[in-house]
Each structure stands twice: as structure tokens, then as C-alpha cells.
Amino acid sequence: MKVLVIGGGGREHTIVWKLSQSRHVDKIYCTPGNAGISEIAECIDIGSDNFNALLDFVKYEWIDLTIVGPEDPLSRGIVDAFEKEGRRILGPNREAAQLESSKVFAKDFMKRYRIPTAEYRVFTSYVHAKDYVNMKVAPLVIKADGLAAGKGVFVCRTVDEATDALRLIIKEKAFGDAGNRVVVEECISGEEASFMVFTDGKSVVPMASSQDHKRVFDNDEGPNTGGMGAYSPAPVITKAMEDKIMEKVMWPVMKGLRSEGIEFKGILYAGLMIKDDNPYVLEFNCRLGDPETQPVLSRLETDLVEISFGILDEKLSDLEIRWKPEVAVCVVLASKGYPGTYEKGKVITGLEKIRGEDDTFVFHAGTVFNDSKVVTSGGRVLGVTALGNDIREAKERAYKAIDKIHFDGMHYRKDIADRALERL
Ligand code: AMP
Ligand code: GLY
């Protein structure tokens, strides 16, 4: 069969890599893809917002399955557009994707179904929000309602910082209409973890747990990024905690959606804070996490095409989804300046030295070919991912591979997975 993957980051390289191992797949297309993806898939260049052109391509090439990586096309209704034309596509429809595309929708939804999350208030007026914040005790978290590429959330240590964030979002419109409404919420302290599930709307199957590293520098310092590394599993998600998350979060979400007549098929991601042995939802995403996908799918044994059709045909419960016992660590190599403005076009060397290793994979994110050389083209450039029998071994392998790679301005965190090591 033929599969089209939409996106061009590390998550999508990992999806394409996993699909390339499927006995059902003859040909993979990816739009826009990147240098690494182009070695295993044919990269095309159709904008992810151009649903008509994508549909034309899918019809013309007889594509059997489309998998959507990022949230943007999902929140704009790509699944609705494809389903209207009878095309198979993995991901939630526009209505269901509001769990990610509107923080107000997600918070109100959680309140309706008593899903544990931080206390919050919603504001449209700067003055009212500021008055409220002035009555509260810091720390506080300020969130723009809509999608802001992970940049619309401010964890504020003081009331002044919170006021600055409100000004930026509401008055200066730093995120455009995404900031028309603002959520002010209580700050929860604890340990973060990412918990993703596959769901066909009826069954909910947990994926291996993982933990992201959002801050740019070691020891969780510096500004937030899209994610500087991840490992799987996350020791904080014990079997008992997984059961708790399913009971307190995932099942209530699915039941709530169903009772409101909203169908959700695809991947639901809960960004959690674990506090006093209880999970609190910080955010929902309606897609695979990036970089969590790199270590998580590296550990997936079951065929991703079979899982995709299990979801689409509502037969997920017939499948046994298996994970490798090994653990996986992914370290992101970023461009100088990231997460601010960054340089591009730097030649990447050393990739050939890692090729062919069974337990180490270099997933590309912001890379392109230029004169047959691989050069940087994004903030997050590569996700060096290694499997190991334990976290120490996986970490060592990942960093050993990184020693062989170079590009001007390359920076990365040296402490990915240390939190898991501390728990040993
Ligand atoms: P979000 O996009 O909502 O996950 O927020 C991005 C990051 O901000 C999270 O990964 C957390 O590190 C932090 N964060 C969000 N909400 C809260 C909260 N209520 N309490 C503490 N930290 C939070
Ligand atoms: N790594 C967090 C996300 O994918 O949103």
C-alpha cells in the first residue's frame, strides 16, 4: 500500500522510519519531509493547509492511508476534508482537535467531567485579568487560548511577570487571535510526564510513557522550547500510576467526548504533572509528541499500519500492541540561537559514522540537502536516539553518537534522562 505522511520534523521522520518497516507498505510519500526522510520516502511539496491539493495528490497516486504529524492541519479540519471524500486519514476531526487547539475548550471540558487539572479563570479583557492576577499569589501560569507553537504558555514566578505575559498576549497581540482569550491558572509543582494513547473512539490503549525536556539548558534552565530531548519509559509512570491516569483522565475524556457527540480517533496526548502521587492535566495534544515520538516509536514492536487501520476501522481492541523491553533516550541537537532566532544552512558532518548501527538512530528535524550535503534548516536539527538495556546504556549510546556529529553552533542538553537515572 501507499502511505502519505504530513509534516517534516523529527516526529515525522520517526513515523516514516517505522512505516518503512511495515510489511504492508510499498511506498511512502511525505510533505514536506526533510533530508533524512528523503532517504526512505519520496518528499513532495504541498502545503499542509492546501487540503484540495493534498486530496488531488492522494487520489492521483492512489494513496491508501494519510498520517498527520502536526496539530495545525488537524485543528483546521484536514480529517473532515479527507473523510468527506472517503479518504482514510489518521487523526481527530476539527471538533475533537479543539482539545489541543483551544485551551479554554480543554479546561472547560475538564471541569465538566471532573478531570484533575489546575484551577483557572478565563479572560478576554486585560484590565479584568490584571485585577484578578493582582489578587492572587504567584507563581501563576498564563496561557493564550489558541495554538502558538508551544510559545503561548508563561510560567510566571511573580505577579509582575504574569502582568507582562497578559500584556504581551492581550494588548500586544503577540499571538494574534490565539490570544483573544487567556487562561490564568494555578501553578502545580511536581514531576512532568507525557502520556499518549491510541484510541478508536471506543477502546483506549496506552502507549509507552515518556518524559520531555522543555527548557533549553541543563537543569531545566532557560526558556521553553519545543522539546530538547525525551526518554521512554518515564519511571514516574508506574503501572499503578498508569491505571490512575486511565481511570481519572483518559476514560473520562473519552466518555465526555462521546456524551457530547464528538468522535475522537487517533492519538490523544496528555501532558501531566504528577503531584502527591496524583496526575493533573496541564494540556492535551491531539497528535504524537515531538520529541517523545522518537524514543516511544523506537520501542514500538507492532506494525504502525496495523494500528492505524485498527483505529480507523474501530478494531483497536483486536490488536495486541507490544513494546520492546529496552529503554530509549533521544537528545535533540539544536541550531545556535534556538529557541530564539537561529542560523540555518550549516553543513552537518559525521552522520555517515552512525549509519547502520542497530541501536542508534538519527532522526532528522530541520535538515535539507544542499549540493548533496546535509545542512541545517530549522531550530531543532536532529534527534539522536538510542536504545539500551537500561537508561544508563541508552544515554551513553546517544551521547557517544553525538560526539561524531558536528555543525557550526550545535548545542544540546547534556542531562537528558538524568532524572530517570536518579530514580535508579
Ligand atoms: P502546556 O503547553 O500547557 O503544556 O504548557 C507548557 C509547559 O508549561 C508545560 O509543559 C509545563 O512545564 C508548564 N505548565 C503549564 N501549565 C502549568 C501549570 N498549571 N503548572 C505548572 N506548570 C505548567
Ligand atoms: N513535546 C511536546 C509536544 O509535542 O507538544
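Each chain has its residues counted from 1, following the order in which its sequence is written. Chains and ligands are labelled by the order in which they are written, letters from A for the one and numbers from 1 for the other. Where local features are concerned, this predicted model is filtered to residues with pLDDT of at least 70; where side-chain atom pairs are given and counted, the filter is 80 or more; whole-chain, interface and lining totals use all residues. With hydrogens and water stripped out, all remaining heavy atoms of the structure feed into the side-chain values.

A. Region of the structure containing the pairing of strand 10 (residues 191-199). Among the 9 residues that make up strand 10, 8 are buried, leaving the element largely enclosed by the rest of the structure. Two strands pair when backbone bridges link them, and strand 10 and strand 16 (residues 266-275) are joined in this way by 9 bridges, in the antiparallel orientation. Residue pairing in the sheet places Phe 195 in a bridge with Ala 270 of strand 16. Here, any two strands with at least 2 DSSP bridges between them count as paired. Helix and strand assignments follow DSSP, with helices taken as H or I runs no shorter than four residues and strands as E runs no shorter than two, numbered in order from the N terminus. Relative to strand 11 (residues 204-206), strand 10 runs antiparallel, the two being bridged by 3 bridges. Residue pairing for strand 11: Val 197 is matched across the bridge by Pro 206. Where strand 10 folds back on strand 11, the antiparallel hairpin that results is connected by 4 residues, among which Gly 201 adopts a positive phi of roughly 95 degrees. Relative accessibility thresholds used throughout: buried, under 20% of the residue-type maximum; exposed, over 50%; partly exposed, between the two (1.4 Å probe, protein chains only).

B. Main features of the sheet that holds strand 10. What the 4 strands build is an open sheet, ordered 11-10-16-17; its pairing is antiparallel. Among the strands making up the open sheet, the edge pair consists of strand 11 and strand 17 (278-285). Put simply, the sheet's adjacent strands are angled 35 degrees from each other on average, direction ignored. In this sheet, strand 17 lies alongside strand 16 in antiparallel orientation, the contact comprising 7 bridges. Every axis corresponds to a line fitted to the C-alpha atoms, with the helix fit spanning only the stretch in contact, and the corresponding angles, defined between N-to-C directions, vary from 0 to 180 degrees.

C. Layout of the site of ligand 1. By convention in this text, a residue qualifies as near a molecule or strand provided that one of its non-hydrogen atoms is within 4 Å of it. Around ligand 1, the surrounding shell holds 15 residues, and the nearest of these are Glu 185, Glu 186, Ile 188, Glu 192 and Glu 283. In this structure, an oxygen atom belonging to ligand 1 sits 2.5 Å away from a side-chain N or O atom of Glu 192. For ligand 1, an oxygen atom lies 3.0 Å from a polar atom in the side chain of Glu 283. Working definition of accessibility: Shrake-Rupley area with a 1.4 Å probe, residue cover restricted to the visible protein chains. Look at ligand 1: alone it shows 470 Å² of surface, and the protein chains cover 92% of it. Counting only elements with at least two residues in the shell around ligand 1, the list comes to strand 7 (140-144), strand 8 (153-156), strand 9 (182-186) and strand 17. Grouping the amino acids of the shell around ligand 1 by side-chain chemistry returns 8 nonpolar, no polar and 7 charged. Polar contact criterion, stated in full: a pair of N or O atoms within 3.5 Å, where within protein one must be able to donate a hydrogen and the other to accept it, and residues adjacent in sequence count only if both atoms are side-chain atoms. In this classification, Asp, Glu, Lys and Arg are treated as charged, Ala, Val, Leu, Ile, Met, Phe, Trp, Tyr, Cys and Pro as nonpolar, and every other residue, Gly included, as polar.

D. Quick look at the site of ligand 2. Taken together, the neighbourhood of ligand 2 is formed by Asp 212, Gly 226, Tyr 269, Asn 285, Arg 287, Gly 289, Asp 290, Pro 291 and Glu 292. Considering ligand 2 on its own, with 200 Å² of exposed area, one finds that the protein chains cover 89% of that surface. Of the residues assigned to the shell around ligand 2, the class counts are 2 nonpolar, 3 polar and 4 charged.

E. Quick look at the environment of Gly 383. Structurally, Gly 383 is set in strand 22 (residues 380-388). Sequence separation between Gly 383 and Phe 363 is 20 residues; the distance between their C-alpha atoms is 5.0 Å. In this description, contact between two residues means that some pair of their heavy atoms is separated by no more than 4.5 Å. Setting aside its immediate chain neighbours within four residues, Gly 383 contacts Cys 330, Val 331, Val 332, Phe 361, Val 362 and Phe 363.

F. Representation of empty space enclosed by the protein. The method works on a 1 Å grid over the protein atoms by themselves. A cavity is a set of points holding a 1.4 Å probe that cannot get out, a pocket is an open set with protein on both sides within 12 Å along at least five of seven lines, and residues with an atom within 4 Å of a point line them. Grid points are joined across faces, edges and corners, and a volume is the space filled by probe spheres set on the points. Using the criterion set out here, one finds 3 cavities of 30 Å³ or more in the structure. Taken as a whole, the largest cavity holds about 110 Å³ of empty space. If you trace the largest cavity, you find 13 residues lining it, with Ile 67, Val 68, Leu 90, Ile 267 and Leu 288 closest to the centre. Within the lining of the largest cavity, the residues separate by chemical class into 10 nonpolar, 2 polar and 1 charged.

G. Fine view of the pairing of strand 16. The element strand 16 is extensively covered by neighbouring structure, given that 9 of its 10 residues are classed as buried. Between strand 16 and strand 17, which pair antiparallel in sequence order, lie 2 residues; one of them, Asp 276, sits at a positive phi of approximately 50 degrees.

H. Inspection of unusual backbone geometry at higher detail. A cis amide bond links Thr 31 to the next residue, Pro 32, at an omega of -5 degrees. Its place among the elements puts Pro 32 in strand 2 (residues 27-32). In the segment running from Ala 138 into Pro 139, the intervening peptide bond is cis, with an omega of 0 degrees. Here Pro 139 lies in the loop between helix 7 (126-135) and strand 7. Located in the positive-phi region is Trp 62, a residue other than glycine, with phi close to 55 degrees.

I. Layout of helix 9 (residues 239-259). Expected span, for any helix, means 1.5 Å times one less than how many residues it has. Helix length check: helix 9, at 21 residues, gives a terminal C-alpha distance of 28 Å against a target of 30 Å (1.5 Å per residue), a fit within 8%. Of the residues making up helix 9, those classed as buried are Met 241, Ile 245, Met 246, Val 249, Met 250, Pro 252, Val 253, Met 254, Gly 256 and Leu 257. Immediately downstream of helix 9, the backbone of Gly 261 shows phi near 70 degrees, a positive value.

J. Expanded view of the environment of Arg 87. Residue position: Arg 87 is located in the loop between helix 4 (78-84) and strand 5 (89-90). In this structure, the C-alpha to C-alpha distance between Arg 87 and Leu 55, residues 32 residues apart in sequence, is 8.3 Å. Residues contacting Arg 87, with those up to four places away along its chain left out, are Leu 55, Val 58, Lys 59, Ile 63 and Phe 82.

K. The layout of surface pockets, seen in detail. Considered as a void within the structure, the second largest pocket measures approximately 540 Å³ in volume. Every residue lining the second largest pocket is counted, 26 residues in all, and those nearest its centre are His 13, Glu 39, Arg 355, Val 362 and His 364. Those elements giving two or more residues to the lining of the second largest pocket turn out to be helix 1 (10-19), strand 19 (360-364) and strand 21 (373-376). If one sorts the elements of the lining of the second largest pocket by residue count, strand 19 sits on top with 5 residues.

L. Here's a closer look at a negative patch on the surface. A cluster of acidic side chains, namely Asp 80, Glu 83, Glu 95 and Glu 263, defines a negative patch on the protein surface. Turning to its location among the elements, Glu 95 is positioned in the loop between strand 5 and helix 5 (98-101). A residue is classified by how much of its surface remains accessible, and Glu 95, at 40% relative accessible area, is partly exposed. Exposure above 30% relative accessible area and no salt bridge define the residues that can form patches, which grow by joining like charges within 9 Å and nonpolar side chains of Val, Leu, Ile, Met, Phe, Trp and Tyr within 5 Å. In what follows, salt bridge is the name for a side-chain nitrogen of Lys or Arg lying within 4 Å of a carboxyl oxygen of Asp or Glu. For the purpose of counting charges, residues Lys and Arg are taken to be positive, whereas Asp and Glu are taken to be negative. His and the chain ends are not included. Lysine's charge is taken at NZ, arginine's at CZ, aspartate's at CG and glutamate's at CD.

M. Summary view of the pattern of salt bridges. One pass over the structure, following the stated rule, counts 32 salt bridges. Between Arg 157 and Glu 161 there is a salt bridge, with its nearest N and O atoms 3.5 Å apart. A relative accessible area of 66% means that Arg 157 is categorised as exposed. For Glu 161, a relative accessible area of 28% corresponds to the partly exposed category.

Shape is all these values report; function is a separate question.
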